[in-house]
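One letter stands for each residue in the lines below.
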Amino acid sequence: KSHLKTVEEFAADNLDDVEAFRIKYLGKKGILNHYFAEFKSIPKEDKKLFGQTINQLKQAATQKVEQLKAELSKVNDEKNIYGDLTRPAEPSEIGSRHPISIVKNQIIEVFSNIGFNVSEGPEIEDDWHNFTALNLPEYHPARDMQDTFFVQNNPEDLLLRTHTSSVQVRYMENNKPPIRTISPGRVFRNEDISARSHCIFHQVEGLYIDKDVSFKDLKQTLIYFTTQLFGKSKIRLRPSYFPFTEPSAEVDIYWGLKTETDYRITKGTGWLEIMGCGMVDPNVLKNCKIDPKEYTGFAFGMGIERIAMLLYQIGDIRMFYENDLRFLKQFKSIF
Ligand code: PHE
(Lines give C-alpha, C1' and ligand atoms only; values in the text may rest on other atoms or scores of the structure.)
Protein backbone atom coordinates (compact mmCIF):
# COMPACT_ATOMS: atom_id res chain seq x y z
CA LYS A 1 0.00 0.00 0.00
CA SER A 2 2.84 2.41 0.77
CA HIS A 3 4.34 1.58 -2.66
CA LEU A 4 1.06 2.53 -4.26
CA LYS A 5 1.28 6.00 -2.76
CA THR A 6 4.92 6.40 -3.88
CA VAL A 7 4.01 5.34 -7.42
CA GLU A 8 1.08 7.70 -7.64
CA GLU A 9 3.12 10.62 -6.41
CA PHE A 10 6.13 9.95 -8.62
CA ALA A 11 7.17 12.80 -10.92
CA ALA A 12 10.08 13.19 -13.33
CA ASP A 13 11.39 15.88 -15.69
CA ASN A 14 13.48 13.62 -17.88
CA LEU A 15 13.16 10.28 -19.58
CA ASP A 16 16.15 8.75 -17.74
CA ASP A 17 14.38 9.08 -14.41
CA VAL A 18 11.26 7.51 -15.89
CA GLU A 19 13.29 4.56 -17.12
CA ALA A 20 14.92 4.07 -13.72
CA PHE A 21 11.45 4.15 -12.16
CA ARG A 22 10.22 1.55 -14.67
CA ILE A 23 13.10 -0.80 -13.91
CA LYS A 24 12.58 -0.38 -10.19
CA TYR A 25 8.92 -1.43 -10.29
CA LEU A 26 8.32 -3.27 -13.55
CA GLY A 27 11.80 -4.63 -14.38
CA LYS A 28 12.66 -8.35 -14.28
CA LYS A 29 14.13 -8.01 -10.83
CA GLY A 30 11.74 -5.24 -9.90
CA ILE A 31 9.49 -4.84 -6.92
CA LEU A 32 6.42 -6.23 -8.65
CA ASN A 33 8.05 -9.45 -9.79
CA HIS A 34 9.35 -9.83 -6.27
CA TYR A 35 5.80 -9.66 -4.87
CA PHE A 36 4.40 -11.88 -7.57
CA ALA A 37 7.00 -14.50 -6.57
CA GLU A 38 5.97 -14.13 -2.95
CA PHE A 39 2.31 -14.66 -3.85
CA LYS A 40 2.66 -18.48 -3.54
CA SER A 41 3.77 -18.32 0.04
CA ILE A 42 0.97 -16.02 1.17
CA PRO A 43 -1.62 -17.66 3.45
CA LYS A 44 -4.85 -18.55 1.67
CA GLU A 45 -7.08 -16.08 3.50
CA ASP A 46 -4.76 -13.12 2.60
CA LYS A 47 -4.27 -14.09 -1.05
CA LYS A 48 -7.24 -12.16 -2.36
CA LEU A 49 -6.31 -8.83 -0.82
CA PHE A 50 -2.60 -9.30 -1.62
CA GLY A 51 -3.35 -10.20 -5.23
CA GLN A 52 -5.66 -7.22 -5.66
CA THR A 53 -3.10 -4.89 -4.18
CA ILE A 54 -0.17 -5.95 -6.34
CA ASN A 55 -2.33 -5.88 -9.47
CA GLN A 56 -3.39 -2.38 -8.56
CA LEU A 57 0.26 -1.45 -8.04
CA LYS A 58 1.26 -2.92 -11.40
CA GLN A 59 -1.49 -1.02 -13.17
CA ALA A 60 -0.55 2.25 -11.43
CA ALA A 61 3.15 1.86 -12.26
CA THR A 62 2.47 1.00 -15.92
CA GLN A 63 0.13 3.93 -16.27
CA LYS A 64 2.59 6.30 -14.63
CA VAL A 65 5.41 5.27 -16.97
CA GLU A 66 3.24 5.72 -20.07
CA GLN A 67 1.90 9.04 -18.92
CA LEU A 68 5.31 10.51 -18.08
CA LYS A 69 6.86 9.25 -21.33
CA ALA A 70 4.07 10.87 -23.35
CA GLU A 71 4.38 14.18 -21.52
CA LEU A 72 8.16 14.36 -21.75
CA SER A 73 8.37 13.49 -25.43
CA LYS A 74 5.83 16.23 -26.18
CA VAL A 75 8.06 18.74 -24.41
CA ASN A 76 11.01 17.43 -26.46
CA ASP A 77 9.09 17.85 -29.71
CA GLU A 78 8.24 21.43 -28.83
CA LYS A 79 11.88 22.15 -28.11
CA ASN A 80 12.74 20.80 -31.53
CA ILE A 81 10.15 22.96 -33.24
CA TYR A 82 10.79 26.21 -31.43
CA GLY A 83 14.43 25.74 -30.53
CA ASP A 84 15.69 27.37 -27.41
CA LEU A 85 13.04 29.89 -26.48
CA THR A 86 15.44 31.88 -24.32
CA ARG A 87 17.79 32.54 -27.25
CA PRO A 88 17.88 36.18 -28.50
CA ALA A 89 15.79 36.70 -31.67
CA GLU A 90 17.33 36.94 -35.14
CA PRO A 91 17.15 40.52 -36.45
CA SER A 92 14.18 40.64 -38.85
CA GLU A 93 14.83 42.11 -42.27
CA ILE A 94 12.58 45.02 -43.26
CA GLY A 95 11.89 45.54 -46.94
CA SER A 96 12.81 48.78 -48.65
CA ARG A 97 10.76 50.90 -51.01
CA HIS A 98 11.74 50.98 -54.67
CA PRO A 99 13.65 54.18 -55.56
CA ILE A 100 11.05 55.03 -58.23
CA SER A 101 8.31 54.88 -55.59
CA ILE A 102 10.37 56.96 -53.18
CA VAL A 103 10.95 59.73 -55.72
CA LYS A 104 7.35 59.55 -56.98
CA ASN A 105 6.07 59.97 -53.42
CA GLN A 106 8.48 62.84 -52.83
CA ILE A 107 7.21 64.63 -55.94
CA ILE A 108 3.60 64.04 -54.88
CA GLU A 109 4.39 65.44 -51.44
CA VAL A 110 5.98 68.59 -52.87
CA PHE A 111 3.00 69.33 -55.12
CA SER A 112 0.31 68.42 -52.63
CA ASN A 113 1.81 71.02 -50.31
CA ILE A 114 0.74 73.68 -52.83
CA GLY A 115 -2.73 72.28 -53.43
CA PHE A 116 -2.29 69.76 -56.25
CA ASN A 117 -4.26 66.52 -56.06
CA VAL A 118 -3.26 63.20 -57.63
CA SER A 119 -5.11 61.81 -60.65
CA GLU A 120 -4.71 58.49 -62.40
CA GLY A 121 -5.88 56.92 -65.64
CA PRO A 122 -5.58 53.78 -67.77
CA GLU A 123 -2.27 52.55 -69.22
CA ILE A 124 -4.06 51.27 -72.31
CA GLU A 125 -5.43 54.40 -73.95
CA ASP A 126 -7.40 55.42 -76.99
CA ASP A 127 -6.13 57.70 -79.70
CA TRP A 128 -8.27 60.63 -78.53
CA HIS A 129 -6.84 60.90 -75.02
CA ASN A 130 -3.22 60.19 -75.93
CA PHE A 131 -3.06 62.25 -79.14
CA THR A 132 -6.02 63.91 -80.80
CA ALA A 133 -7.35 65.86 -77.81
CA LEU A 134 -3.79 67.04 -77.18
CA ASN A 135 -3.72 68.87 -80.49
CA LEU A 136 -2.06 65.99 -82.30
CA PRO A 137 -4.54 65.07 -85.06
CA GLU A 138 -3.96 62.08 -87.28
CA TYR A 139 -0.93 62.47 -89.59
CA HIS A 140 0.49 65.23 -87.40
CA PRO A 141 4.27 64.87 -87.77
CA ALA A 142 4.81 65.32 -84.02
CA ARG A 143 3.21 61.93 -83.41
CA ASP A 144 6.52 60.47 -84.53
CA MET A 145 8.18 62.15 -81.54
CA GLN A 146 6.61 59.48 -79.39
CA ASP A 147 7.29 55.99 -80.65
CA THR A 148 4.00 54.36 -79.87
CA PHE A 149 3.18 50.75 -79.06
CA PHE A 150 -0.16 50.01 -80.71
CA VAL A 151 -2.46 47.28 -79.48
CA GLN A 152 -2.81 45.24 -82.66
CA ASN A 153 -6.00 44.16 -84.36
CA ASN A 154 -8.15 46.52 -82.41
CA PRO A 155 -10.85 48.45 -84.19
CA GLU A 156 -10.76 51.25 -81.61
CA ASP A 157 -7.10 52.15 -82.12
CA LEU A 158 -5.96 51.24 -78.64
CA LEU A 159 -2.37 51.96 -77.68
CA LEU A 160 -0.09 51.98 -74.64
CA ARG A 161 -0.04 55.58 -73.42
CA THR A 162 3.16 57.38 -74.33
CA HIS A 163 2.74 60.00 -71.62
CA THR A 164 0.40 60.72 -68.71
CA SER A 165 -0.90 63.83 -70.50
CA SER A 166 -3.74 61.45 -71.40
CA VAL A 167 -4.76 61.48 -67.73
CA GLN A 168 -4.90 65.27 -67.82
CA VAL A 169 -7.28 65.17 -70.78
CA ARG A 170 -9.53 62.78 -68.84
CA TYR A 171 -9.30 65.04 -65.79
CA MET A 172 -10.27 68.15 -67.78
CA GLU A 173 -13.20 66.29 -69.36
CA ASN A 174 -14.54 65.36 -65.94
CA ASN A 175 -13.70 68.38 -63.76
CA LYS A 176 -14.32 72.09 -63.97
CA PRO A 177 -11.58 74.67 -63.30
CA PRO A 178 -9.90 75.58 -61.07
CA ILE A 179 -7.83 72.46 -61.72
CA ARG A 180 -4.63 71.61 -59.91
CA THR A 181 -3.61 68.02 -60.47
CA ILE A 182 -0.57 65.84 -60.99
CA SER A 183 -0.67 62.53 -62.81
CA PRO A 184 1.98 60.00 -61.89
CA GLY A 185 2.11 56.76 -63.84
CA ARG A 186 3.79 54.27 -66.08
CA VAL A 187 4.27 55.07 -69.76
CA PHE A 188 5.49 53.13 -72.79
CA ARG A 189 7.59 54.01 -75.80
CA ASN A 190 8.96 51.83 -78.54
CA GLU A 191 12.57 52.76 -77.93
CA ASP A 192 15.77 50.74 -77.74
CA ILE A 193 16.81 49.87 -74.22
CA SER A 194 20.09 51.45 -73.19
CA ALA A 195 21.74 52.98 -70.14
CA ARG A 196 19.78 56.19 -70.74
CA SER A 197 16.39 55.08 -72.06
CA HIS A 198 13.91 52.28 -71.59
CA CYS A 199 10.68 51.24 -73.31
CA ILE A 200 8.82 51.43 -70.00
CA PHE A 201 9.31 54.30 -67.61
CA HIS A 202 7.42 56.57 -65.23
CA GLN A 203 6.23 60.14 -65.44
CA VAL A 204 4.66 62.77 -63.30
CA GLU A 205 2.78 65.37 -65.32
CA GLY A 206 1.15 68.43 -63.79
CA LEU A 207 -1.73 70.65 -64.85
CA TYR A 208 -2.93 73.97 -63.45
CA ILE A 209 -5.97 75.72 -64.94
CA ASP A 210 -7.71 78.77 -63.55
CA LYS A 211 -8.49 82.37 -64.43
CA ASP A 212 -5.41 84.49 -65.21
CA VAL A 213 -2.78 81.76 -64.93
CA SER A 214 0.37 83.06 -66.58
CA PHE A 215 3.82 81.88 -67.58
CA LYS A 216 5.31 83.48 -64.48
CA ASP A 217 3.10 81.23 -62.32
CA LEU A 218 4.59 78.30 -64.21
CA LYS A 219 8.13 79.48 -63.65
CA GLN A 220 7.54 80.16 -59.97
CA THR A 221 6.05 76.70 -59.52
CA LEU A 222 9.06 75.11 -61.21
CA ILE A 223 11.49 77.03 -59.00
CA TYR A 224 9.52 75.96 -55.93
CA PHE A 225 9.54 72.35 -57.08
CA THR A 226 13.24 72.09 -57.91
CA THR A 227 14.24 73.83 -54.69
CA GLN A 228 12.12 71.42 -52.64
CA LEU A 229 13.49 68.36 -54.38
CA PHE A 230 17.11 69.24 -55.05
CA GLY A 231 17.84 71.87 -52.43
CA LYS A 232 19.17 75.26 -53.47
CA SER A 233 19.59 74.91 -57.22
CA LYS A 234 19.63 76.80 -60.48
CA ILE A 235 17.24 76.18 -63.39
CA ARG A 236 16.78 77.66 -66.83
CA LEU A 237 13.92 77.50 -69.34
CA ARG A 238 14.84 76.80 -72.96
CA PRO A 239 12.28 77.47 -75.74
CA SER A 240 10.96 74.22 -77.17
CA TYR A 241 8.00 72.72 -78.96
CA PHE A 242 5.12 70.53 -77.81
CA PRO A 243 1.84 70.33 -79.76
CA PHE A 244 -0.23 70.71 -76.57
CA THR A 245 1.48 73.79 -75.13
CA GLU A 246 2.18 77.24 -76.54
CA PRO A 247 4.64 78.66 -75.72
CA SER A 248 6.63 75.58 -74.69
CA ALA A 249 9.90 75.19 -72.86
CA GLU A 250 12.34 72.64 -71.63
CA VAL A 251 13.58 72.92 -68.05
CA ASP A 252 17.27 72.40 -67.35
CA ILE A 253 18.84 72.14 -63.93
CA TYR A 254 22.46 73.10 -63.34
CA TRP A 255 24.15 69.98 -62.15
CA GLY A 256 27.34 70.47 -60.25
CA LEU A 257 26.28 73.38 -58.13
CA LYS A 258 27.69 72.22 -54.84
CA THR A 259 25.82 73.94 -52.06
CA GLU A 260 26.04 73.95 -48.30
CA THR A 261 22.39 73.05 -48.01
CA ASP A 262 22.45 70.04 -50.27
CA TYR A 263 25.08 67.36 -50.25
CA ARG A 264 23.27 65.31 -52.91
CA ILE A 265 24.42 67.44 -55.80
CA THR A 266 28.02 66.44 -56.28
CA LYS A 267 28.88 65.81 -59.89
CA GLY A 268 29.62 68.71 -62.15
CA THR A 269 28.13 67.92 -65.54
CA GLY A 270 26.59 71.27 -66.41
CA TRP A 271 23.00 71.84 -67.58
CA LEU A 272 20.74 68.80 -67.60
CA GLU A 273 17.23 68.63 -69.00
CA ILE A 274 14.68 67.46 -66.43
CA MET A 275 11.26 68.25 -67.88
CA GLY A 276 9.03 69.78 -70.52
CA CYS A 277 6.44 72.46 -69.86
CA GLY A 278 4.36 75.24 -71.32
CA MET A 279 1.05 77.11 -71.39
CA VAL A 280 -1.82 74.78 -72.32
CA ASP A 281 -2.71 75.31 -75.98
CA PRO A 282 -6.21 76.86 -76.40
CA ASN A 283 -7.12 74.01 -78.77
CA VAL A 284 -6.54 71.50 -75.98
CA LEU A 285 -8.79 73.44 -73.63
CA LYS A 286 -11.49 73.58 -76.32
CA ASN A 287 -11.18 69.82 -76.93
CA CYS A 288 -11.86 69.30 -73.25
CA LYS A 289 -14.83 71.69 -73.15
CA ILE A 290 -13.02 74.43 -71.24
CA ASP A 291 -13.42 77.96 -72.60
CA PRO A 292 -9.95 79.38 -73.44
CA LYS A 293 -11.35 82.92 -73.26
CA GLU A 294 -12.20 82.39 -69.62
CA TYR A 295 -9.39 80.12 -68.50
CA THR A 296 -5.67 79.66 -69.06
CA GLY A 297 -3.28 77.13 -67.61
CA PHE A 298 0.13 75.57 -67.60
CA ALA A 299 1.33 71.99 -67.84
CA PHE A 300 4.59 70.19 -67.24
CA GLY A 301 5.87 66.64 -67.42
CA MET A 302 8.93 64.83 -66.16
CA GLY A 303 10.40 61.33 -66.10
CA ILE A 304 10.72 59.94 -62.59
CA GLU A 305 13.70 57.77 -63.56
CA ARG A 306 15.63 60.81 -64.76
CA ILE A 307 15.01 62.64 -61.48
CA ALA A 308 15.88 59.57 -59.41
CA MET A 309 19.12 59.09 -61.39
CA LEU A 310 20.12 62.65 -60.57
CA LEU A 311 19.16 62.46 -56.91
CA TYR A 312 20.86 59.14 -56.27
CA GLN A 313 23.64 59.43 -58.84
CA ILE A 314 22.55 56.30 -60.69
CA GLY A 315 24.35 55.86 -63.98
CA ASP A 316 22.17 53.28 -65.74
CA ILE A 317 18.37 53.35 -66.04
CA ARG A 318 18.22 49.56 -66.39
CA MET A 319 19.14 49.14 -62.73
CA PHE A 320 15.60 50.20 -61.77
CA TYR A 321 14.08 47.16 -63.43
CA GLU A 322 16.59 44.40 -62.67
CA ASN A 323 15.43 43.80 -59.08
CA ASP A 324 18.97 43.25 -57.87
CA LEU A 325 18.68 43.22 -54.08
CA ARG A 326 22.15 44.69 -53.66
CA PHE A 327 20.86 47.75 -55.52
CA LEU A 328 17.38 47.91 -53.99
CA LYS A 329 18.51 47.46 -50.38
CA GLN A 330 20.38 50.76 -50.48
CA PHE A 331 17.17 52.78 -50.52
CA LYS A 332 15.73 53.43 -47.11
CA SER A 333 13.20 56.20 -46.91
CA ILE A 334 10.24 57.45 -44.99
CA PHE A 335 8.52 58.30 -48.29
N1 PHE B 1 3.93 65.06 -72.39
C2 PHE B 1 5.29 65.48 -72.61
C3 PHE B 1 6.18 64.26 -72.78
O4 PHE B 1 5.78 63.19 -72.44
C5 PHE B 1 5.82 66.29 -71.46
C6 PHE B 1 5.11 67.61 -71.32
C7 PHE B 1 3.99 67.70 -70.52
C8 PHE B 1 5.54 68.73 -72.00
C9 PHE B 1 3.34 68.90 -70.38
C10 PHE B 1 4.90 69.94 -71.88
C11 PHE B 1 3.80 70.03 -71.07
O12 PHE B 1 7.26 64.39 -73.29
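Since the model is a prediction, treat every value here as computed from it, not as a measurement.

Draft legend 1. Up close: the site of the ligand. Lining the immediate environment of the ligand, one finds 14 residues, of which His-163, Ser-165, Arg-189, Gln-203 and Glu-205 sit closest. At a separation of 3.1 Å, a nitrogen atom of the ligand approaches a polar side-chain atom of Ser-165. Gln-203 has a polar side-chain atom sitting 2.9 Å from an oxygen atom of the ligand. Contact with the protein chains removes 92% of the 320 Å² of surface that the ligand exposes when unbound. Of the pockets mapped on this structure, the ligand occupies the largest pocket. Elements with a minimum of two residues in the shell around the ligand: β5 (200-210), β8 (270-280) and β9 (296-303). When residues in the shell around the ligand are grouped by element, the largest group, three residues, is from β9. For the shell around the ligand, a count of residues per class yields five nonpolar, seven polar and two charged.

Draft legend 2. Up close: the layout of surface pockets. Estimates place the volume of the largest pocket at around 1000 Å³. Lining the largest pocket are 40 residues, and of these Arg-196, Glu-273, Ile-274, Gly-303 and Arg-306 lie nearest its centre. Those elements that provide at least two residues to the lining of the largest pocket are α7 (165-174), β5, β7 (245-255), β8, β9 and α10 (304-312). Broken down by element, the lining of the largest pocket gets its largest block of residues, six residues, from β8. Considering only residue class, the lining of the largest pocket consists of 17 nonpolar, 14 polar and nine charged.

Draft legend 3. Just the side chain of Thr-164, in detail. Locating Thr-164 in the fold gives a position in the loop between β3 (159-160) and α7. On the accessibility criterion, Thr-164 (0% relative accessible area) is buried. Residues within four places of Thr-164 in sequence aside, it is in contact with Ser-183, Pro-184, Gly-185, Val-187, Gln-203 and Glu-205.

Draft legend 4. The packing of aromatic side chains, seen in detail. This model, assessed by the stated rule, comprises 16 aromatic pairs. Taking 5.1 Å as the distance between ring centres and 70° as the angle between the ring planes, the aromatic pair formed by Phe-327 and Phe-331 counts as edge-to-face. Look at Phe-331 and you get buried, because its relative accessible area is 6%. Against the face of Tyr-254 rests Lys-234, its NZ or CZ located 5.0 Å from the ring centre.

Draft legend 5. Looking closely at α7. The element α7 is extensively covered by neighbouring structure, given that seven of its ten residues are classed as buried. Within α7, the full set of buried residues consists of Ser-165, Ser-166, Val-167, Gln-168, Val-169, Tyr-171 and Met-172.

Draft legend 6. Main features of the pairing of strand β6 (residues 235-242). In the sheet, β6 pairs with β7 via seven bridges, with the strands oriented antiparallel. Across the sheet, the residue bridging to Phe-242 is Thr-245, located in β7. Linking β6 back to β7 in an antiparallel pair, the connection comprises two residues.

Draft legend 7. Quick look at the pairing of strand β4 (residues 179-188). Along β4, eight of the ten residues are buried, which leaves the element largely enclosed by surrounding structure. Alignment of strand β1 (residues 117-118) against β4, held across two bridges, turns out to be parallel. Residue pairing in the sheet places Asn-117 in a bridge with Thr-181 of β4. Across ten bridges, the pairing between β4 and β5 is antiparallel. Looking at the pairing, Pro-184 lines up with Val-204 of β5.

Conventions and cut-offs
- Sequence order as written defines residue numbering, which begins from 1 separately in each chain.
- At least 70 in pLDDT is required for a residue's local features to be given in this predicted model, at least 80 for side-chain atom pairs to be given and counted, and no such filter applies to totals for whole chains, interfaces and linings, which use all residues.
- Side-chain figures throughout are based on the complete set of non-hydrogen atoms in the structure, without hydrogens or water.
- One heavy atom within 4 Å of a molecule or strand makes the whole residue count as near it.
- Distance and chemistry together define a polar contact, namely a pair of N or O atoms within 3.5 Å, with one atom able to donate a hydrogen and the other to accept it when in protein, and with adjacent residues in sequence counting only for side-chain atoms on both sides.
- Computed with the Shrake-Rupley method and a 1.4 Å probe, the accessible areas treat only the protein chains shown as cover for residues.
- We place a 1 Å grid over just the protein atoms. Points where a 1.4 Å probe fits but has no way out form a cavity, open points with protein on both sides within 12 Å along at least 5 of 7 lines form a pocket, and any residue with an atom within 4 Å of a point lines it.
- What decides whether a molecule sits in a cavity or pocket is whether more than half of its atoms lie within 2 Å of the grid points.
- Starting at the N terminus, helices and strands are each numbered in turn, a helix being any DSSP run of H or I of at least four residues and a strand any DSSP run of E of at least two.
- Residue type decides the class: Asp, Glu, Lys and Arg count as charged, Ala, Val, Leu, Ile, Met, Phe, Trp, Tyr, Cys and Pro as nonpolar, and the leftover types, Gly among them, as polar.
- Grid points are joined across faces, edges and corners, and a volume is the space filled by probe spheres set on the points.
- A simple rule labels every residue: compare its accessible area, found with a 1.4 Å probe on the protein chains alone, to the largest value its type can have, and call it buried under 20%, exposed over 50%, or partly exposed in between.
- Contacts: residue pairs with any heavy atoms within 4.5 Å of one another.
- Classification of ring pairs uses Phe, Tyr and Trp, with its six-membered ring standing for Trp, and accepts pairs whose centres are within 6.5 Å; under 30 degrees between planes counts as stacked, over 60 as edge-to-face, and the remaining range as tilted.
- Whether a charge sits over a ring depends on NZ of Lys or CZ of Arg being within 6 Å of the ring centre and within 35 degrees of the ring normal.
- Paired strands, in this sense, are two strands between which DSSP finds at least two bridges.

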